[in-house]
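Chains, contacts and geometry: an overview
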Amino acid sequence: MRIVVDQAGNGDYTTIQEAVDAVPPGNTKPATIVVGPGLYHEVVTVPADKPFITLAGATGDYADVTISYENSAATITQGDGTAGSATVTVAASDLTATGITFQNEWDYAAKHSQAVALRTVADRVTFYRCRFVSHQDTLYLDATSKTDTDRVYLRGCSIAGSVDFIFGPATAVLDRCTIEGLDSGGYITAASTQLAHPYGFLFTRCTFVSDAPAKTFYLGRPWHHSGDLFAVAQVVVRNCYLGAQVKDQSWTDMSGWSWVAARFYEYGNTGPGSGVSLFRPQLEEAETLRYTRESYLSGTDHWRPWALSQVS
């Protein structure tokens with residue numbers, strides 16, 4: 001199944017949500033939605049009963065296709081305002097996206113608030129050469145339940161924000177991505193990994209950049225969602241380039257929860273923001289084999305999204 005979205009009317013639909021709606025519920029075969037260049041000002045939801053969808057920017061360049069809206073937790077009055085603010089929500093498993101920018105245009109300078117660009121709440125979700133842009137809570141890597149280790153793989157992507165802009169309880173690998181700190185500083189991650197789950201976020205071969213002043217960004221802090229005692233963050237940053245914006249003490253507390261009790265580690269990082277100290281726990285050489293994209297994502301189904309042709 002192939003569906004073309006084109007704002008000029010030269011495709012099957014003019015909005016992305018119309019194309020998603022056209023995929024039959026209970027879909028069992030690959031469905032590709034090709035999105036033509038343009039700015040799509042809409043909120044998009046891929047429901048749980050529509051797996052195996054590929055969202056593909058027509059040119060392959062994320063600068064050419066942008067999905068953008070301006071909801072925030074301050075404007076969503078029903079349910080979870082943070083989750084509800086998402087420009088795009090992916091609730092279906094086995095979704096792949098390539099060459100698209102996901103953006104939340106909430107006016108953060110006027111009123112600081114959570115404003116999610118994209119939220120995943122599904123297993124085996126992949127993003128290749130995509131961009132995610134907001135300020136607070138840009139990329140929400142959520143999980144279906146506390147017992148689920150919903151897996152997400154990002155390769156060659158760009159994620160931009162300032163406060164907790166990569167966050168949630170999912171199991172995710174960010175591979176060769178650019179992590180861009182906006183504004184004047186903040187917190188890059190806010191993982192809420194369940195203690196029973198060994199893996200949360202892995203950053204490998206990524207580049208952490210920013211125009212912010214030196215030593216103004218933490219790598220992360222532990223998010224105990226709703227005070228959950230068992231939401232014990234797990235983040236590894238390994239073999240990455242860290243710009244000067246990263247603080248000498250790269251992890252910090254959150255809402256009274258100590259970063260020391262979380263599972264934060266670094267290994268083999270370079271750049272002016274890298275360092276080794278008592279305040280920057282490092283993996284031992286022998287431990288590195290336990291913290292790879294395979295260990296995070298393969299699972300019992302041997303999922304290997306990095307082996308697909310999109311990343312060759």
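Everything here concerns the structure above.
Below, the structure is looked at part by part. Bear in mind that the values here come from a model prediction, so they are computed numbers and not experimental data.

How each quantity is defined
- Residues numbered from 1 in each chain as written.
- Predicted model: local features only at pLDDT ≥ 70, side-chain atom pairs only at ≥ 80, totals over all residues.
- Heavy atoms only, no water.
- 1 Å grid on protein atoms, 1.4 Å probe; cavity = no way out; pocket = protein on both sides within 12 Å on 5 of 7 lines; lining within 4 Å.
- Points joined across faces, edges and corners; volume = space filled by probe spheres on them.
- Nonpolar A, V, L, I, M, F, W, Y, C, P; charged D, E, K, R; others polar.
- Pairing = 2+ DSSP bridges.
- Helix = DSSP H or I, 4+ residues; strand = E, 2+ residues; numbered from the N terminus.
- Axes fitted to C-alpha atoms, helices over the stretch in contact; angles between N-to-C directions.
- Contact = heavy atoms within 4.5 Å.
- Buried < 20%, exposed > 50% of the residue type's maximum accessible area, 1.4 Å probe, protein only.
- Phe/Tyr/Trp six-rings, centres within 6.5 Å; stacked < 30°, edge-to-face > 60°.
- Lys NZ or Arg CZ within 6 Å of the ring centre and 35° of its normal.
- Core = buried A, V, L, I, M, F, W, Y, C linked by side-chain atoms within 4.5 Å.

Of the voids in this model, the largest pocket is the one considered here, and its volume is about 190 Å³. Along the wall of the largest pocket there are 14 residues; nearest its centre are K146, P169, S192, Q194 and H225. When its volume is computed, the second largest pocket comes out at roughly 150 Å³. Split into classes, the residues belonging to the lining of the second largest pocket amount to five nonpolar, four polar and three charged.

All right, on to the sheet that holds strand β3 (residues 38-41) then. Read across the open sheet, the eight strands follow the order β3-β6-β9-β12-β15-β18-β21-β24; overall the sheet is parallel. Because the sheet does not close on itself, it has two edges, and the strands there are β3 and β24 (241-242). Both strand β12 (residues 131-133) and strand β15 (residues 158-161) contribute to a ladder of three bridges, which runs parallel. Along β15, the bridge assignment pairs V133 with A160.

We now examine unusual backbone geometry. The backbone phi angle of F52 is positive, close to 65°, even though this residue is not glycine. Of note in this structure, H302 is not a glycine but carries a positive phi near 55°. Relative to the assigned elements, H302 resides in the segment after α3 (293-297).

What follows deals with the sheet that holds strand β17 (residues 171-175). Across the sheet, ten strands lie side by side as β1-β2-β5-β8-β11-β14-β17-β20-β23-β25; this open sheet has parallel pairing. Two strands in the sheet have a free side with no partner beyond their single neighbour: β1 (2-5) and β25 (263-267). Sheet twist, expressed as the average angle between the axes of neighbouring strands with direction ignored, equals 10°. Relative to strand β5 (residues 53-57), strand β2 (residues 31-35) runs parallel, the two sharing five bridges. Bridging from a neighbouring strand, I33 pairs with L55 of β5.

Let's shift gears to the environment of T54. Looking at where T54 falls in the secondary structure, it is placed in strand β5. Sequence separation of T54 and T32 is 22 residues, and the distance between their C-alpha atoms is 4.7 Å. Residues within four places of T54 in sequence aside, it is in contact with A31, T32, I33 and T96.

Turning our eyes to something else, we now look at the pairing of β17. Burial analysis of β17 places five of its five residues in the buried class, which makes it a mostly covered element. Taking every second residue as pointing to the same face, both faces of β17 are buried, with T171, V173 and D175 on one and A172 and L174 on the other. Across five bridges, the pairing between strand β14 (residues 151-155) and β17 is parallel. By the bridge assignment, R151 is partnered in β17 with T171.

Another point: the packing of aromatic side chains. Tallied over the full model, the rule gives 14 aromatic pairs. With a centroid separation of 5.6 Å and an interplanar angle of 5°, the aromatic rings of Y187 and Y218 are classed as stacked. One end of the pair, Y187, is in strand β19 (residues 186-191); the other, Y218, is in strand β22 (residues 217-220), and 31 residues separate them in sequence. Judged by its relative accessible area of 24%, Y187 falls in the partly exposed class. Here W251 and F264 contribute two aromatic rings whose centre-to-centre distance is 4.2 Å and whose plane-to-plane angle is 10°, an arrangement assigned as stacked. Placement of the pair is W251 in the loop between β24 and β25 and F264 in strand β25, with a sequence separation of 13 residues. Since its relative accessible area comes to 0%, W251 is described here as buried. Judged by its relative accessible area of 2%, F264 falls in the buried class. The lysine or arginine in question, R119, covers the ring of Y140, its NZ or CZ lying 5.6 Å from the ring centre. A cation over a ring is seen here: R221 above Y187, with NZ or CZ 3.7 Å from the ring centre.

With 61 residues, the main nonpolar core has F127, I179 and F203 as its most contacted residues. When near neighbours in sequence (up to four residues on either side) are disregarded, I179 contacts I159, F165, I166, L174, I188, F203, C206, T207, F208 and V209. Membership of the second largest hydrophobic core comes to 13 residues, among which are L202, V236, Y267 and Y296.

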